[in-house]
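# Chain and residue survey
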Amino acid sequence: MPVGRTRRCRRGSAAAGGPPVARSRNSGESPARAKEEPPEAKEEPPVPGAVDLGAQSRRWAAFLQQHRLSSEEAAQLLLDALLSYRKCPWELGEAQLRNLHPFPVHGTSETGRGSECKSLVKHTGGCHCGAVRFEVWASADLHVFNCNCSICTKKQNRHFIVPALRFKLLQGADNLTTYTFNTHRAKHMFCKTCGVQSFYIPRSNPDGYGIAPHCLDDGTVQVIITEDINGKEWEEAVRKHKTIRDMSKP
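Residues numbered from 1 in each chain as written. Predicted model: local features only at pLDDT ≥ 70, side-chain atom pairs only at ≥ 80, totals over all residues. Heavy atoms only, no water.

### Points about the pairing of strand E4 (residues 160-163)
Of the two faces of E4, the one lined by Phe-160 and Val-162 and the one lined by Ile-161 and Pro-163 are each fully buried. Of the strand pairs in this sheet, E4 and strand E9 (residues 208-211) are connected by 4 bridges, and their pairing is antiparallel. When the bridges of E9 are listed, Ile-161 appears paired with Gly-210. (Buried < 20%, exposed > 50% of the residue type's maximum accessible area, 1.4 Å probe, protein only. Helix = DSSP H or I, 4+ residues; strand = E, 2+ residues; numbered from the N terminus. Pairing = 2+ DSSP bridges.)

And the structure:
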């Protein structure tokens, strides 16, 4: 062999001085090596519930960051909003689709709320002792009703109204008790331990919740606008009010 040249040989080959290795007639590989080849990887089935957002990935990430949501929370809000219509999205008109969005866009006029439609924020709150805790999605600028009916006067029940799907009781369901009277449509729920009512179901909006702004945690409310409503003549006041019934609609 000429000096300066090397020759690489496979282990067990004839060139390395070992016994000759039989080769497959078709593939040229030895039987031993053919057995060592791993089986072809099978394509894994998609994970149930996995979603490829494609070109919407950046918008989804920005949406989660803007509203401080987990993916699960965002999906729940969007699905609840869709299902509340009991129609497929493609069966809805343009105005309904705009109103369907759980986070209204500035300037939407079809909802009847006009400039009041703003991006929502997540407020958290609860009773005094901490047994009852909740979260609610609403504007940072709250429209609060100050009612002078008999019970609202007694307990100073100032409240803002939200659709039921934007409210979530986090804890304390077993620590709540409910008081009703007269028509029994309003559900005045309060903590059994400390007696504080942090939210209730109003007679005017049985499909929503009335939230006490003074029971919210600090840091998410920017402005509170208070509107007096004549609860002493409740039927007439609600009949004449242009927007109160719509405040609990998605």
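### Comments concerning the pattern of salt bridges
Counted under the stated rule, the structure contains 6 salt bridges. In this structure, Arg-239 and Glu-236 form a salt bridge, with 2.8 Å as the shortest nitrogen-oxygen distance. With a gap of 3 residues between them, Arg-239 and Glu-236 both fall in helix H6 (residues 234-240), about one helical turn apart. On the basis of relative accessibility, which here comes to 60%, the residue Arg-239 falls in the exposed class. (Salt bridge = Lys/Arg side-chain N within 4 Å of Asp/Glu carboxyl O.)

### Comments concerning the confidence of the model for the protein
Model confidence for the protein is summarised by a mean pLDDT of 75, while 63% of its residues fall at 70 or above. Of all helices and strands in the protein, the one with the weakest mean pLDDT is helix H4 (residues 94-100) (44), whereas strand E1 (residues 121-126) scores best (96). A low-confidence stretch, residues 84-118 (pLDDT under 50), is modelled with 55 contacts involving residues beyond four sequence positions or located in other chains. (pLDDT = per-residue confidence, 0-100. Contact = heavy atoms within 4.5 Å.)

### A closer look at the environment of Val-132
Along the chain, Val-132 turns up in the loop between E1 and strand E2 (133-138). For the pair Val-132 and Gly-172, spaced 40 residues apart in sequence, the C-alpha to C-alpha distance is 4.3 Å. In this structure, Val-132 is in contact with Gly-125, Gly-126, Cys-127, Leu-169, Gln-171, Gly-172, Leu-176, Cys-191, Ser-198 and Phe-199, ignoring residues within four places of it in sequence.

### Examining the packing of aromatic side chains
Applying the stated criterion to the full structure yields 7 aromatic pairs. Ring plane angle 70° and centroid distance 5.9 Å describe the contact between Phe-199 and Tyr-209, whose orientation is recorded as edge-to-face. Within this pair, whereas Phe-199 is found in strand E8 (residues 199-200), its partner Tyr-209 is found in strand E9, the two being separated by 10 residues in sequence. With a relative accessible area of 4%, Phe-199 lands in the buried category. Within the aromatic cluster, the residues linked to one another by ring pairs are Phe-134, Phe-167, Phe-199 and Tyr-209. Across the ring face of Tyr-200, the terminal group of Lys-155 is positioned such that the distance to the ring centre comes to 5.4 Å. (Phe/Tyr/Trp six-rings, centres within 6.5 Å; stacked < 30°, edge-to-face > 60°. Lys NZ or Arg CZ within 6 Å of the ring centre and 35° of its normal.)

### A closer look at the sheet that holds E9
Taken in spatial order, the 3 strands make up an open sheet running E4-E9-E8, and their pairing is antiparallel. Edge strands, defined here as strands with exactly one partner in the open sheet, are E4 and E8. Bridge analysis of E8 against E9 gives 2 bridges, and the strand direction is antiparallel. Bridging across to E9, Tyr-200 finds its partner in Gly-210.

### Describing the nonpolar core
Ranked by size, the top nonpolar core spans 18 residues in total, and within it Val-136, Phe-160, Phe-199, Tyr-209 and Ile-211 carry the most contacts. A per-element tally of this core places E2 first, with 3 residues. Setting aside residues no more than four positions away along its own chain, Ile-211 makes contact with Phe-134, Val-136, Arg-158, His-159, Phe-160, Val-162, Phe-167, Ser-198, Phe-199 and Leu-216. Counting residues in hydrophobic clusters, the runner-up holds 12 residues, among them Cys-152, Ile-161, Ala-237 and Met-247. (Core = buried A, V, L, I, M, F, W, Y, C linked by side-chain atoms within 4.5 Å.)

### Regarding the side chain of Gln-197
Here Gln-197 lies in the loop between strand E7 (188-191) and E8. Within the local environment of Gln-197, its side chain forms a polar contact with the side chain of Lys-155, the two groups lying 2.2 Å apart. In this structure the side chain of Gln-197 is engaged in a polar contact, spanning 3.3 Å, whose partner is the side chain of Asn-157. Sequence-distant contacts of Gln-197, that is, excluding residues within four places in its chain, are made with Lys-155, Asn-157, His-188, Met-189, Phe-190, Ala-212 and Cys-215. (Polar contact = N/O pair within 3.5 Å; in protein donor to acceptor, adjacent residues only side chain to side chain.)

### Digging into the side chain of Ser-248
With respect to the helices, strands and loops of the structure, Ser-248 is situated in the segment after H6. You can call Ser-248 buried: its relative accessible area is 2%. Here Asn-205 takes part through its side chain, which lies 3.0 Å from a polar atom of the side chain of Ser-248. The contacts of Ser-248, once residues within four sequence positions are left out, are Ile-161, Val-162, Pro-163, Asn-205, Asp-207 and Gly-208.

### Looking at the sheet that holds E1
In a beta sheet, neighbouring strands are held together by backbone hydrogen bonds and run either parallel or antiparallel to one another. Reading across from one edge, E1-E2-E5 is the order of the 3 strands in this open sheet, with antiparallel pairing throughout. Pairing within the sheet leaves two strands with one partner each, and these edge strands are E1 and strand E5 (167-171). Taking the axes of each pair of neighbouring strands and ignoring which way they run, one obtains an average angle of 25° across the sheet. Bridge count between E1 and E2: 6 bridges; the pairing is antiparallel. Paired with Lys-122 across the bridge in E2 is Trp-137. (Axes fitted to C-alpha atoms, helices over the stretch in contact; angles between N-to-C directions.)

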